Amino acid sequence: MAAQLDFFEASVTVAGGRPNRSKIVPTSEKPLPHLDDEAMARHLEDTGSYRVLRKLEPPQVSSYPRADFPRRGVIVDTETTGLNYRSDEIIEIGAVAFSFNDLGEIGEVTGVYGGLQQPTTPIPAEITRLTGITDDMVAGQIINAPALRAIVGSADLIIAHNASFDRPFCEAFSPMFADKAWACSVSEIDWAGRDFEGSKLGYLVGQSGYFHDGHRAVDDCFALLEVLRRQTGVSVSTPFAELLERSNRSRVRIYAENSPYDMKDHLKARGYRWSDGSEGRPKSWWVELPEDKRDDELSFLRTEIYRWDADPPIVHLTAFDRFRAG
């Protein structure tokens, strides 16, 4: 009968009388043959027990964009001292230009700009915690407006991940951002329909299989570009193609001006938002809708809210008007 120790290890005497103990390695723990990083990542994913995130690497800038991608898009991201474009300031701006065509296909990266700027007041501690940008980093820094204009000036479409935030800050910074078509990659893409769990950039990047240095402007621009160009979920189109198509649609903003006070909860439940009149809008509940839903919405207001043949103010919007302040 075998001794109990035989089940654990075997001793072999080698020259000099020193025992050589050979460990028995279970098959599942045997070392893998040499694999490069990508092969190792695929091996881990193939087990079904791991998801591997790959670091996003910025693409090369092309000096000679292809002729079949004649349009120019620019992804813009800002880091600021706060949320109010009237009183807070941009401390960093990033812009990544790329080519695309009318089908919503993305070509090459054609330009990159990133710059810091020293604000007139110290950066709040919570902003430094969020962005990693310190007062020392921005000391003496000024955004190079001509270099930024060289990228933004030729843009057919400017994209921001929350354009309602970035556009007012950008236009307060420089008129180069005015009179441009803007699109919002948060509100104008159905991320849930593409099987994403949220619309925050970190969610989108992570669920696409990547990670990046978040909350720095140029890094966020590159990350968004990668997410926009990838075909995801059950959709046959890319997120960028969907964004381009939606940005081309005309929309209307309806102001339920002088609506009865006791109807406010009904309006809020239907998606209306309150404007206190401080940003140039009428003081009222308002909603923004596709053009083809205007008549149905007016019918709702007249029958359910006003209960008479009211004629609330309507503003027609295109990508040149949307996401402006006021």
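Here the structure is shown first, and the text comes after it.
Below is a short write-up of the structure.

Summing up its helical and strand segments, the protein chain has 10 helices and 13 strands in all. Looking at the protein chain residue by residue over its 326 residues, the buried ones come to 40%. Residue pairs in contact within the protein chain that sit at least 24 positions apart in sequence constitute 66% of those at least 6 positions apart. Just so you have it, the protein chain exposes about 18700 Å², and 51% of that area is on carbon and sulfur atoms.

This part covers the side chain of Arg167. Its place among the elements puts Arg167 in helix 5 (residues 163-173). Classification of Arg167 by relative accessible area gives buried; the value is 0%. With residues near it in sequence (within four places) discarded, Arg167 still touches Asp179, Lys180, Trp182, Ala319, Phe320, Asp321, Arg322, Phe323 and Arg324.

Where burial is concerned, most of helix 8 (residues 239-247) is hidden: 7 out of the 9 residues are buried. What helix 8 keeps buried is the set Pro239, Phe240, Ala241, Glu242, Leu243, Leu244 and Ser247.

This brings us to unusual backbone geometry. Of note, the phi angle at Asp179 is positive, near 60 degrees, even though the residue is not glycine. The phi torsion at Arg307 lies on the positive side, around 65 degrees, for a residue other than glycine. Along the chain, the position of Arg307 falls in the loop between helix 10 (294-306) and strand 13 (314-317). The exposed category is assigned to Arg307, whose relative accessible area is 62%.

The 4 strands lie next to each other as 11-12-10-13, forming an open sheet whose pairing is antiparallel. Because the sheet does not close on itself, it has two edges, and the strands there are strand 11 (273-275) and strand 13. With strand direction ignored, the average angle separating the axes of adjacent strands in the sheet is 30 degrees. Of the strand pairs in this sheet, strand 10 (residues 251-256) and strand 13 are connected by 4 bridges, and their pairing is antiparallel. Bridging across to strand 13, Arg253 finds its partner in Val315. Lying on the sheet, helix 10 is in contact with strand 10, strand 12 (284-290) and strand 13; it crosses strand 10 at an angle near 10 degrees.

Here the focus is the nonpolar core. Membership of the largest hydrophobic core comes to 30 residues, with the highest contact counts inside it found for Ile75, Phe98, Ile159, Leu228 and Phe240. Counting residues per element, the ones that place at least two in this core are strand 5 (90-100), strand 6 (106-116), strand 7 (157-160), helix 6 (201-207), helix 7 (217-229) and helix 8. Among the elements that make up this core, the one with the highest residue count is helix 7 (8 residues). Those residues in contact with Leu228 that sit more than four places away from it in its chain are Ile75, Ile106, Ile159, Ser185, Ile189, Trp191, Thr238, Pro239, Phe240 and Leu243.

Okay, the pattern of salt bridges next. Opposite charge on two side chains permits them to pair, given that their charged atoms come into close proximity. Counted by the stated rule, this structure contains 20 salt bridges. Taking the shortest distance from any N to any O, the salt bridge between Arg194 and Glu242 comes out at 2.9 Å. With Arg194 in the loop between strand 8 (182-184) and helix 6 and Glu242 in helix 8, this pair connects stretches of sequence that are 48 residues apart. Here the two residues Arg194 and Glu242 agree in accessibility, since each one is buried. Of the charged contacts in the structure, one is a salt bridge between Glu288 and Arg251, with a shortest N-O distance of 3.0 Å. Of this pair, Glu288 sits in strand 12 while Arg251 sits in strand 10, and the two are 37 residues apart along the sequence. The exposure class assigned to Glu288 is buried, which follows from its relative accessible area of 17%. Residue Arg251 is classed as partly exposed on the basis of its relative accessible area, which comes to 23%. When salt bridges that share partners are traced, they join Glu38, Arg42, Glu45 and Arg54 into one network.

Conventions adopted
Residues numbered from 1 in each chain as written. Predicted model: local features only at pLDDT ≥ 70, side-chain atom pairs only at ≥ 80, totals over all residues. Heavy atoms only, no water. Helix = DSSP H or I, 4+ residues; strand = E, 2+ residues; numbered from the N terminus. Buried < 20%, exposed > 50% of the residue type's maximum accessible area, 1.4 Å probe, protein only. Contact = heavy atoms within 4.5 Å. Areas by Shrake-Rupley, 256 points an atom, 1.4 Å probe, with all protein chains shown as cover. Pairing = 2+ DSSP bridges. Axes fitted to C-alpha atoms, helices over the stretch in contact; angles between N-to-C directions. Core = buried A, V, L, I, M, F, W, Y, C linked by side-chain atoms within 4.5 Å. Salt bridge = Lys/Arg side-chain N within 4 Å of Asp/Glu carboxyl O.

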